[in-house]
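Below, each chain spelled out in residue letters.
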Amino acid sequence: MLRMVDLIEKKKQGKSHDEAEIRFIVRGYTAGELPDYQMSAWLMAVWFRGLSTAETAWLTMAMAHSGKIVDLSEIDGIKVDKHSTGGVGDTTTLIITPLVAAAGVKVAKMSGRGLGFTGGTIDKLEAIPGFRTSLATGEFTAQLQRVGMAVMGQTDDLAPADGKIYALRDVSATVDSIPLIAASVMSKKIAAGADKILLDVKYGSGAFMKTVAAATELARVMVGIGTDAGRETTAVISSMEEPLGTTIGNSLEVAEAIEVLSGKGDSRLRDYCIFLAAKMLLLAKPLLSMTAATDTIRGLLDSGAGLAKFGEFVEAQGGDRRIVQETHLLRQASRKMELRAAHEGYIVRMDSAEIGRAAILLGAGRAKKGDSIDLAAGIKLHRRCGEFVAAGDVLATLFFNEMIEPARAGLLIEKSIHIGKKKIPAGALIAGTVASSGWHEGSER
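The rules behind the values
- Residues numbered from 1 in each chain as written.
- Predicted model: local features only at pLDDT ≥ 70, side-chain atom pairs only at ≥ 80, totals over all residues.
- Heavy atoms only, no water.
- Helix = DSSP H or I, 4+ residues; strand = E, 2+ residues; numbered from the N terminus.
- Contact = heavy atoms within 4.5 Å.
- Pairing = 2+ DSSP bridges.
- Axes fitted to C-alpha atoms, helices over the stretch in contact; angles between N-to-C directions.
- Buried < 20%, exposed > 50% of the residue type's maximum accessible area, 1.4 Å probe, protein only.
- 1 Å grid on protein atoms, 1.4 Å probe; cavity = no way out; pocket = protein on both sides within 12 Å on 5 of 7 lines; lining within 4 Å.
- Points joined across faces, edges and corners; volume = space filled by probe spheres on them.

Enquirer: Lay out the side chain of Glu253 with the relevant residues and their values.
Expert: In this fold, Glu253 is placed in helix α11 (residues 250-261). In this structure Glu253 touches Gly89, Asp90, Thr91, Lys124, Thr247 and Ile248, once residues within four positions along its chain are discounted.

Structure below.
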């Protein structure tokens, strides 16, 4: 007879579990038969001792099968999904999903909320008046067939074990474990039913993984899990040393996504979204070249087809479609404050994590799960790394509502933007990709 205390001791000693033991742990905790204190002890043992490749795969599948697996087999064509490991100013899902759907590829996406300084797609979408993120499985699949894309939050019947275990990891200091992150991400992706998966794995100050090596290790584990589960998976390793977009905060990021889909906006964010969308298109249509996929996506962006698909998607999920042309209909903050450069020079560094924490102080993010957030609050950055600023130039604008004192947030941002005398070239945004065929350096296929 299996006992949890024995399994905790086993992992504490660095020994490996078999599949039956992993299933016992996941089923027992999901059913409420194992107390939080025992599960916390096991998670901490895993944090210190790790899990083997096999153990991580068993944990992933046990969590995925703790609830329903969405069946998308009756929907025509290849269904793709995309996941980011989180960051600051990461608005890519709102941009690339309609572009890929406009290319005729079905995009089935289950997304989450933000935690700490990392933003969440569900929060961003809820900044759109009327938008519904809680969809029944039948609604999700019907919209996917009709519109070509659907995004929903995690439900109680999809990978419920992950929801319970993640909440416990958050309060037991075990979030930053590669096997636990991999199992959490991939259990949700497998449960959501897509055929193929693109992962955007971040590294740097604004990410859980601080180095390229750590991000690559995480990517390899997740790609291996996806491949073993019969879901072709590709991971892009990208930098979160500075915020990806120029806005941080939910309404602000929706407006920036619309700006990019309108053919304008920040060139760094736009180019990266074109790259990711082309990668997703390649997963569905592997006979294309990267050049052809990129040209297709760029054409859909330039023609306005991606923006039109975004509007169709918003309307399908109950949102006010007028926001596509009238972004002022998004929630607006009542107050703002500008931060200016104290002296001239070049921006040599921007600390993403500190900027994200400043956004939390303004009300735009959560310090812990369950916190309420102000969907209108956030930050607009007016300069990028490598750019020259004169004394008095506006570096950032803070947006907030009554009852918020912005001084602490302003101080964090001022400390996070480093101005030097010499221009330092910006680092590469894309370190490489990981697929079942191995590691590929840079932004090539």
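Next comes the rest of the account.
Enquirer: Give a detailed account of unusual backbone geometry, specifying residues and quantitative values.
Expert: Phi is positive for Ala159, which is not a glycine, with a value near 45°. Locating Ala159 in the fold gives a position in the loop between β3 (149-153) and α8 (160-171). Unlike most non-glycine residues, Met403 shows phi in positive territory, near 80°. Checked against the element boundaries, Met403 lands in the loop between β11 (394-400) and α16 (407-416).

Enquirer: Describe in detail the sheet that holds strand β9 (residues 378-381), supporting the description with residues and values.
Expert: Taking strand neighbours across the sheet as the criterion, the 4 strands line up as β6-β9-β11-β7 in an open arrangement whose pairing is antiparallel. Lying at the two open borders of the sheet, with one neighbouring strand each, are β6 (247-248) and β7 (335-340). Running over the sheet, helix α15 (residues 352-361) touches β6 and β9 and is turned about 140° from β9.

Enquirer: How would you sum up the environment of Lys12? Please name residues and give values.
Expert: Assignment of secondary structure puts Lys12 in helix α1 (residues 4-12). By relative accessible area, which is 45% here, Lys12 ends up partly exposed. Note: C-alpha distance between Lys12 and Ala353 (341 residues apart in sequence) is 32 Å. For Lys12, the contacting residues outside a window of four places in its chain are Ala45 and Arg49.

Enquirer: Give a description of the layout of surface pockets that names residues and reports values.
Expert: The method is simple in principle: a probe with the dimensions of a water molecule rolls over the atoms, and the space it marks as empty is what remains. Volume-wise, the second largest pocket comes out at about 270 Å³. Around the second largest pocket sit 15 residues that line it, and Ser251, Leu252, Ala255, Gln332 and Phe399 are the ones nearest its centre. Tallying contributions element by element places α11 first for the lining of the second largest pocket, with 5 residues.

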